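Residue strings, one per chain:
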Amino acid sequence: MLLGVNIDHVATLRNARGGVEPSVEKAAEIAENNGATSITTHLREDRRHIKDEDVYALSQILKTRLNLEMAMADDIQAIALDVKPYSICLVPEKRQEVTTEGGLDVAGQLAKVTEFINPLLDAGIIVSLFIDPDEEQVKASAKTGAQFIEMHTGAYAESFGYKEEEEEFQKLKKSAELAQSLGLQVNAGHGLNYENVHRMHEIEGLHELNIGHSIISRAVFTGLAEAVSKMKEMIK
Ligand code: PXP
C-alpha cells in the first residue's frame, strides 16, 4: 500500500506567522526521502493553508507525484490545468468547515461532476473522487470517467474503538470491493492515525492512503527534543 503525505498543515503553521518557515517544499522533500509515494495539498477556496505559489513550487521540485485536492471551482480548475499535477482529488468544500466534512455528492450531481472533470482528464491528469463509502456514490463515480475514488475514512476513524467501528469498517471494505469490480482504483484517507491505520490492510487492493494531520502532529513531538536542545546549545 502506498503512502501519500498531506502537507497542508505545514503551511498552516507557516501562515500563523506569515513568513516562509516551515517550508512546505522542505516538508515535501523530507516526506519523499522517507517513503512518501506522493505529496497531497488542498488548494482551498480561502487559501487558508496552501497557496497558489506553493502548488507551482511543489510541481517543480517533487520527485514523486503531486496530488492536488480541489473543489469544483472554475478558478482552481484553471490552476490545475496550468500546473498539471499528476492527479487531482475532487472534494466538497464549505467555507466554514475546519476540514473536509463528508464526501462529494457524485450521485446527486453526476452530470456536473462529469462535465467538470472532463477537461482535467483530457489534459492527462488522473482524477479521483473523494466520496463516502456508499454504494450509490461508488456506482455514480464509476460513470464519470474518473479513474480513482478516495474513500472518506473519517467515520471509521471517529468510530475506532467504539461499537460502531465494525459497521463503519465494513462500509469501507464493501465500497472498495464494489469500486474495484466497476473498474475503479481505490484510495482512502481522512482521520487515519497511528492507532487506526492498521485495519486498512484488511481491505484488499487499496492503492494509496492519504494522511496528513496525524503525521504532522506526531512530527511536532518527535522533532521537539532536538529543536529545544539545539537552541539551548546555541545560547549557551
Ligand atoms: N484525503 C482528503 C480528500 C482530505 O480532504 C484530507 C484532509 O485534507 C485527507 C485525505 C487527509 O486527512 P487527515 O489530515 O485527517 O489525515
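Residues numbered from 1 in each chain as written. Predicted model: local features only at pLDDT ≥ 70, side-chain atom pairs only at ≥ 80, totals over all residues. Heavy atoms only, no water.

## Describing the overall build of the protein
- Counting secondary structure elements, the protein contains nine helices and eight strands.
- Rg of the C-alpha trace for the protein: 18 Å, near the compact-globule value of 18 Å for 236 residues, within the 12% margin.
- In terms of principal-axis extent, the alpha carbons of the protein reach across some 65 × 45 × 35 Å.
- Out of the 236 residues in the protein, the part that is buried amounts to 45%.
- When the accessible area of the protein is evaluated, it comes to approximately 12,200 Å², of which 54% is carbon and sulfur surface.
- Of note, the protein has its 24 positive side-chain charges centred 5 Å away from the centre of its 38 negative side-chain charges. (Helix = DSSP H or I, 4+ residues; strand = E, 2+ residues; numbered from the N terminus. Rg over C-alpha atoms; globule rule 2.2 N^0.38 Å. Buried < 20%, exposed > 50% of the residue type's maximum accessible area, 1.4 Å probe, protein only. Areas by Shrake-Rupley, 256 points an atom, 1.4 Å probe, with all protein chains shown as cover. Lys, Arg positive; Asp, Glu negative; His and termini not counted. Charge placed at Lys NZ, Arg CZ, Asp CG, Glu CD.)

## What to know about the pairing of strand β7 (residues 185-189)
- Across the five residues that make up β7, a large majority, four, are buried.
- Two elements, strand β6 (residues 148-152) and β7, share five bridges in a ladder whose sense is parallel. By the bridge assignment for β7, methionine 151 is matched with alanine 188.
- Strand direction decides the pairing type here: β7 and strand β8 (residues 208-211), joined by three bridges, are parallel. Bridge pairing in β8 links alanine 188 to leucine 209. (Pairing = 2+ DSSP bridges.)

## Focus: the packing of aromatic side chains
- Scanning the entire structure with this criterion turns up two aromatic pairs.
- Ring geometry for tyrosine 156 versus phenylalanine 160: centroids 6.0 Å apart, planes at 75 degrees, classification edge-to-face.
- Given the relative accessible area of 1%, tyrosine 156 is considered buried.
- With a centroid separation of 5.9 Å and an interplanar angle of 55 degrees, the aromatic rings of tyrosine 156 and phenylalanine 169 are classed as tilted. In this pair, tyrosine 156 sits in helix α7 (residues 154-159) while phenylalanine 169 sits in helix α8 (residues 165-181), placing the two residues 13 residues apart along the sequence. An identical accessibility class is assigned to tyrosine 156 and phenylalanine 169; each is buried. (Phe/Tyr/Trp six-rings, centres within 6.5 Å; stacked < 30°, edge-to-face > 60°.)

## As for the layout of surface pockets
- Roughly 1,000 Å³ of internal volume is contained in the largest pocket.
- Lining the largest pocket are 33 residues, and of these Val10, Ile215, Ile216, Ala219 and Val220 sit closest to its centre.
- Those elements giving two or more residues to the lining of the largest pocket turn out to be β1 (2-6), α1 (8-17), α2 (24-33), β8 and α9 (213-234).
- The dominant element in the lining of the largest pocket, judged by the number of residues it contributes, is α9, at 11 residues.
- Split by residue class, the lining of the largest pocket holds 23 nonpolar, six polar and four charged. (1 Å grid on protein atoms, 1.4 Å probe; cavity = no way out; pocket = protein on both sides within 12 Å on 5 of 7 lines; lining within 4 Å. Points joined across faces, edges and corners; volume = space filled by probe spheres on them. Nonpolar A, V, L, I, M, F, W, Y, C, P; charged D, E, K, R; others polar.)

## Overview of the site of the ligand
- Around the ligand there are 14 residues in total, and Glu69, Glu150, Gly191, Gly212 and His213 lie nearest to it.
- Between an oxygen atom of the ligand and a main-chain N or O atom of glycine 191, the distance comes to 2.8 Å.
- Across the complex, the protein chains shield 94% of the 400 Å² of accessible surface that the ligand would expose by itself.
- Its residues placed into classes, the shell around the ligand shows three nonpolar, nine polar and two charged. (Near = heavy atom within 4 Å. Polar contact = N/O pair within 3.5 Å; in protein donor to acceptor, adjacent residues only side chain to side chain.)

## Things to note about helix α3 (residues 52-61)
- Within α3, the full set of buried residues consists of Asp54, Val55 and Leu58. What you see down the axis of α3 is that its buried residues fit within an arc of 100 degrees, all on one side. Exposed positions of α3 whose direction lies more than 90 degrees from the buried face are Glu53 and Gln60. (Arc of directions from axis to C-beta.)

## Digging into a nonpolar patch on the surface
- Together, Val220, Phe221, Leu224 and Val228 line one region of the surface with nonpolar side chains, adding up to about 410 Å² of accessible area.
- Under the relative-accessibility criterion, leucine 224 is labelled partly exposed at 41%. (Patch = residues over 30% accessible without salt bridge, like charges linked within 9 Å, V, L, I, M, F, W, Y side chains within 5 Å. Salt bridge = Lys/Arg side-chain N within 4 Å of Asp/Glu carboxyl O.)

## Side note on the packing of α2 against α3
- Their axes nearest at 10 Å, the elements α2 and α3 cross at an angle of 35 degrees. For the element pair α2 and α3, the recorded crossing hand is right-handed. Packed against α2, whose contacting residues are Val24, Glu25 and Ala28, the element α3 presents Asp54, Ala57, Leu58 and Ile61 at the interface.
- Here the residues of the contact of α2 with α3 are counted per class, giving five nonpolar, no polar and two charged. (Axes fitted to C-alpha atoms, helices over the stretch in contact; angles between N-to-C directions. Left-handed = near helix turned anticlockwise from the far one by under 90°. Contact = heavy atoms within 4.5 Å.)

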